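Given next are the chains, with one letter for each unit.
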Amino acid sequence: MTELLVGTKKGLFVLEGEPGAAFEPTARAFAGDPVEYALRDRRAGRVLASVTSPFYGPKVFYTQDPNGEWEQAEGVELPDAGDLALERIWTLVPGEVDGTVYAGGDPGVLFVSRDGGSSFELNRALWEHPTRRAWQPGAGGLCLHSISTWPGEPDRLAIAISAAGVWLSDDGGASWRRGNQGLVAGYV
């Protein structure tokens with residue numbers, strides 16, 4: 001049986017079926033709220049969902065059973081000082097170490113969880129990067145939309161931030177360097 005998690009503007013739908021056959025809905029959650037991303041972390045079986053409420057803003061929720069109760073993860077917030085607001089959590093990615101989950105969002109932020117998504121903390125090295133003031137949002141905002149890990153190398157990360165480029169870390173996010181060199185857009 002294959003499980004498919006579908007985030008939509010109207011909530012999360014969980015579908016199950018066999019490849020090549022019809023899939024049937026088995027669960028629905030967050031009716032009426034946009035779900036940007038959802039995943040099942042196969043290591044622990046936990047389902048995580050990024051939900052953006054028009055009233056309460058972006059949150060990450062988790063559950064073992066999509067038909068059951070969902071709990072809100074702690075720590076998905078920006079520091080109190082400053083003018084920037086957390087707009088969305090665009091992606092959720094399991095790390096190489098059990099229990100590690102990364103969340104990327106707008107305005108170019110990275111959160112990390114070490115407890116399977118129950119709580120997150122802001123990656124300060126990226127948030128306080130000296131070049132951040134020069135980052136300019138693209139048409140879709142300043143979203144951290146892609147996170148890549150290296151199999152067997154838990155300290156290596158690559159992230160992509162719309163209009164701010166590719167960033168690399170070899171020390172688990174304690175420091176970041178640009179990774180744009182050698183990348184050429186086909187339309188340029």
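Residues numbered from 1 in each chain as written. Predicted model: local features only at pLDDT ≥ 70, side-chain atom pairs only at ≥ 80, totals over all residues. Heavy atoms only, no water.

Chemist: Help me get a handle on unusual backbone geometry, residues and values and all.
Modeler: The phi torsion of most residues other than glycine is negative, and most of the peptide bonds are trans. In this structure, the amide linkage connecting D106 to the following residue, P107, adopts the cis form with an omega of 25 degrees. Looking at where P107 falls in the secondary structure, it is placed in the loop between β9 (101-106) and β10 (109-113). One non-glycine residue, F30, adopts positive backbone phi at about 60 degrees. Topologically, F30 is positioned in the loop between β3 (23-29) and β4 (35-41). For F30, a relative accessible area of 16% puts it in the buried group. (Helix = DSSP H or I, 4+ residues; strand = E, 2+ residues; numbered from the N terminus. Buried < 20%, exposed > 50% of the residue type's maximum accessible area, 1.4 Å probe, protein only.)

Chemist: Before we move on, can you summarise the sheet that holds strand β14 (residues 165-169) with the specific residues and values?
Modeler: Whether parallel or antiparallel, the strands of a sheet pair through hydrogen bonds between backbone atoms. Ordered by their spatial adjacency, 4 strands build an open sheet running β12-β13-β14-β15, and the pairing between neighbours is antiparallel. The open sheet has two edge strands with one neighbour each: β12 (144-150) and β15 (177-178). Sheet analysis places β14 next to β15, joined by 2 bridges and oriented antiparallel. Residue pairing for β15: W167 is matched across the bridge by R178. (Pairing = 2+ DSSP bridges.)

Chemist: Please provide a residue-by-residue account of the nonpolar core, values included.
Modeler: For soluble globular proteins, the rule of thumb is that nonpolar side chains tend to be buried together. V60, I89, F111 and F120 are the most contacted members of the largest nonpolar core, which totals 17 residues. Those elements that place two or more of their residues in this core are β6 (57-63), β8 (88-94), β9 and β10. Residues in contact with F120, not counting those within four places in the same chain, are V60, A73, E74, G75, V76, V101, A103, F111, V112 and S113. Membership of the second largest hydrophobic core comes to 15 residues, among which are Y102, L144, A164 and W176. (Core = buried A, V, L, I, M, F, W, Y, C linked by side-chain atoms within 4.5 Å. Contact = heavy atoms within 4.5 Å.)

Chemist: Break down the pairing of β9 for me, with residues and values.
Modeler: A large share of β9 lies buried, amounting to 6 of its 6 residues. Residue alternation in β9 divides its side chains into two sets, V101, A103 and G105 and Y102, G104 and D106, and both sets are buried. Here β8 pairs with β9 via 6 bridges, running antiparallel. Paired with V93 across the bridge in β9 is Y102. Here β8 hands over to β9 after 6 residues, with G99 in that stretch at a positive phi of 90 degrees. Where β9 and β10 come together, 5 bridges link them in antiparallel fashion.

Chemist: Break down the pairing of β10 for me, with residues and values.
Modeler: A large share of β10 lies buried, amounting to 5 of its 5 residues. Every second residue of β10 is oriented toward a common face, with V109, F111 and S113 on one face and L110 and V112 on the other, all of them buried. Taking the residues that link successive antiparallel strands as the turn, the β9-β10 hairpin has 2 residues, and the phi of G108 there is positive, at about 60 degrees. Bridge count for β10 against strand β11 (residues 121-122) is 2 bridges, and the pairing is antiparallel. Paired with V112 across the strands is E121, a residue of β11.

Chemist: An account of the packing of aromatic side chains is needed here, citing residue identities and associated values.
Modeler: For the structure shown, the criterion picks out 3 aromatic pairs. The interplanar angle of 65 degrees and the centroid separation of 4.9 Å between the aromatic rings of F30 and W70 together place this pair among those described as edge-to-face. Of the two residues, F30 is situated in the loop between β3 and β4 and W70 in the loop between β6 and β7 (71-72); the sequence distance between them amounts to 40 residues. Per residue, the accessibility class of F30 equals that of W70, and both read buried. For the ring pair W135 and W167, a centre distance of 5.4 Å and an interplane angle of 45 degrees mean the geometry is tilted. Separated by 32 residues along the polypeptide, W135 in the loop between α1 (124-127) and β12 and W167 in strand β14 bring together distant segments of the chain. Pair check on accessibility: W135 and W167 agree, each one buried. (Phe/Tyr/Trp six-rings, centres within 6.5 Å; stacked < 30°, edge-to-face > 60°.)

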